[in-house]
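# Structure at a glance
Spelled out from the first residue to the last, the chains are:
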Amino acid sequence: MIPEERRGGPGAGEDGPQPQAAGSIRKGCDSLGAQTQCGRLQSRRARIHQQINKELRMRTGAENLYRASASPPPGLPRATSNARVRETVALELSYVNSSLQLLKEELEELNCSVDADGPERAGITVPMIPLGLKETTELDWSTALKELISGHFGEDGASYETEIRELTDLRQATRTPSRNESGLELLMAYYNQLCLLDARFVTPARSLGLLFHWYDSLTGVPAQQRALAFEKGSVLFNIGALHTQIGARQDRSCPEGTSRAVEAFQRAAGAFSLLREKFSRAPSPDMSPASLSMLEQLMTAQAQECVFEGLSLPAPAAPHDCLAQLHLAQEAAQVAAQYELVCRTMAQPPVCSCVPFAWTTLVHVKAKHFRALAHYHAAVAFCDGPPAEAEHRALEQVFLGAQAPSEPGGPALPREREERRKLGKAHLKRAILGQEEALRLHAVGRALRRVDLLQAVLGQALRRSLTRYSELDLEDDFFEATEAPDIQPKTHQRPEVRAPSFSRVKVADIFHRLGPLSVFSAKNRWRLVGPVHVTRGEGGFGFTLRGDSPVLIAAVIPGSHAAAAGLQEGDYIVSVNGQPCKWWKHAEVVAQLKGVGEEGVSLQVVTLLPSAELPGTGDRRPALRGLLRNQKEGDWGTPVPAQARPLLGWSRKAKRDKTGGRLGTP
């Protein structure tokens, strides 16, 4: 992660998982050295914990002042001074947030391995920009869920202490996920549980009544909202952010590492794209459509950069092949074009006010660096011997683009060796100028000056271009070559924006005991009837069953024992002889009823009520049209509400469950 500039203060310039450690040499593994190393790690952990606690205290004080400036009590100065205070405090919160992210990433790096200097790598690569996770405060689910379970579901809320504690522990664990696949699975599991909570407890007219409190990832400014969708959106944001951290930590000096990095950045772009499309009201700057669009573009550009790095790894044969160099030139030009697009997006309001200056500078440096690399590879393609006819046509496509196959009198590339040398020299000149500009921009930012790896990459590229230029520069070369043309950007592997794979993380509904979501949710109202005692007559009990979980009374024969006991068409059976059967299949209920003797059976049923009615009143028949509605499934394997949500209202494909045919119970 590129640290944000800050004057003094703990954590400024410290970044544990920085790529600088990538080239470090492993320490010895003798017993005395290992003990000394462990002691140093413990000291570093203790120091980081102290700095984190200090930053948290600073954030608490700044947050209180921020809220007070938003709505000052009587007697404080006028609104203009409060606005100035609010702006100053927001800047301080941004600094504190940046320091906390760096400290926590450094602590995570120490906890992941005893070797604090990181794995040894074969080469050096340009550092990436990972995104810090959004911070949140503790949340008490207990009161709100117990009241809802008791009031709406008619059950004892206190009996769900275990389920509420499990949900609380899961949320607490997601506040500090590990920076690997296990951390992603944890966040996705919590997200899927939130989808289940949304489907069971939330309606368009009523929320859970909880206040969800999250800190902005880019600025550190607190934001809060009572909508469960804000919690879901923040978790989805952290899923994307964690993908960026996983991608930035890959060893991109090998093909496997570059492939993993490409996949991680594609998933990150997909998470931000999904959030931008579905989250309609942004309570914090990092989740605004403009910021999410910028993050999507940034992660796509970083994925494209990893594609280029994978293609430019040393090949076992023909490293100076003309066509290969042309492909690298176009790939580098494609990376530069995408970073230039990110630069323009970062410069637009309101994104420019919340993006760290170090990010903007690094993106600008990368745009210059890869544009220079494109000219370098083009120069190599020009100078490494005369090209074949196919290679010459490829050169025309690279430099002339769509003009190449057009009019014969149009621009053409030189075929003579001397003319090709001069044009290659011109491309090297543009490469050198671009790399010098990238080094100048690198030196401007204080934060980037501390990233020694970036300076090493830029310096290495410049020295390589200068060496090649000196080989082409002749003492009697008094003629200046024409200006080198631009390289046409093109890629043979365009990154795809891939949404996170939520369906691969299977979860069990924590509040499974409340019953199937198709019936037992806050969107439905029902009345509990019974126990009702039904005896067997000559034609059986006198009702027909249909469906699973719960089983539905599809029809009641007039004048039968079931009709006399008060059972009606549309009732759901929830208990048979005192045994809860909300989740029983059709065959299980039928088998239980077939085993009943002359004494009869005791049933407990519920019936859905129209939304305007209160439990215990009204006719039960009008609700019949909703009784056959089975539980729907969302795109990611989680239950979803029947009506669209105002926030994070994902479009879902309704899917009817197959139910059993009619069966008359004897």
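What counts, and where the lines are drawn
Residues numbered from 1 in each chain as written. Predicted model: local features only at pLDDT ≥ 70, side-chain atom pairs only at ≥ 80, totals over all residues. Heavy atoms only, no water. Pairing = 2+ DSSP bridges. Helix = DSSP H or I, 4+ residues; strand = E, 2+ residues; numbered from the N terminus. pLDDT = per-residue confidence, 0-100. Contact = heavy atoms within 4.5 Å. Expected span 1.5 Å × (residues − 1). Buried < 20%, exposed > 50% of the residue type's maximum accessible area, 1.4 Å probe, protein only. Core = buried A, V, L, I, M, F, W, Y, C linked by side-chain atoms within 4.5 Å. Axes fitted to C-alpha atoms, helices over the stretch in contact; angles between N-to-C directions. Parallel < 35°, antiparallel > 145°, perpendicular 65-115°, else oblique. Left-handed = near helix turned anticlockwise from the far one by under 90°.

For strand 4 (residues 543–546) and strand 5 (residues 551–556), the ladder comprises four bridges, and the chain directions are antiparallel. Counterpart to Phe-543 in the pairing with strand 5 is Val-556. Joining the antiparallel neighbours strand 4 and strand 5 is a turn of four residues, in which Gly-547 adopts a positive phi near 80 degrees.

Another point: the confidence of the model for the chain. Confidence in the prediction of the chain, expressed as mean pLDDT, is 75, and 69% of residues score 70 or more. Here residues 3–38 scores under 50 on pLDDT; set against residues more than four positions off or in separate chains, the count is 72 contacts. A low-confidence stretch, residues 402–411 stays under pLDDT 50, and its non-local contacts, those more than four residues away or across chains, total five contacts.

One full turn of an α-helix is made of 3.6 residues, so residues set three or four places apart face in the same direction. Between its first and last C-alpha atoms helix 6 (residues 228–248) spans 31 Å; for 21 residues at 1.5 Å apiece the expected length is 30 Å, and the two agree. When you tally the buried positions in helix 6, you get 21 out of 21 residues, the bulk of the element.

Successive side chains on a regular strand alternate, one facing one side of the sheet and the next facing the other. Pairing of strand 1 (residues 212–215) with strand 2 (residues 222–225), which is carried by four bridges, proceeds in the antiparallel orientation. If you follow Tyr-215 over to strand 2, its bridge partner there is Pro-222. Following strand 1, the chain reverses through six residues before pairing antiparallel with strand 2; Gly-220 in that reversal takes a positive phi of roughly 80 degrees.

It is worth spelling out the nonpolar core at this point. Grouped together as the largest cluster of nonpolar side chains are 106 residues, with contacts concentrated most on Trp-141, Phe-201, Leu-208, Leu-298, Trp-359 and Phe-511. With residues up to four places along the chain from it excluded, the contact list for Leu-208 reads Trp-141, Ala-144, Leu-145, Leu-148, Phe-201, Val-202 and Leu-228. If you look at the next biggest cluster of nonpolar residues, it comprises 21 residues, including Val-556, Ala-562, Ile-573 and Val-605.

Turning to the environment of Arg-371, a few remarks are in order. On the secondary structure map, Arg-371 appears in helix 10 (residues 357–383). The partly exposed category is assigned to Arg-371, whose relative accessible area is 21%. Apart from the residues within four sequence positions on either side, Arg-371 is in contact with Ala-333, Ala-336, Ala-337, Glu-340 and Ile-487.

This part takes up the packing of helix 10 against helix 14 (residues 452–472). As a packed pair, helix 10 and helix 14 sit with axes 11 Å apart at the nearest point and diverge in direction by 25 degrees. Comparing their axes, helix 14 and helix 10 come out roughly parallel. Pair helix 10 / helix 14 crosses with left-handed handedness. In this structure, helix 10 uses Leu-362, Val-365, His-369, Leu-373, Tyr-376, Val-380 and Cys-383 to contact helix 14, whose residues at the interface are Leu-454, Val-457, Leu-458, Ala-461, Arg-464, Ser-465, Arg-468 and Leu-472.

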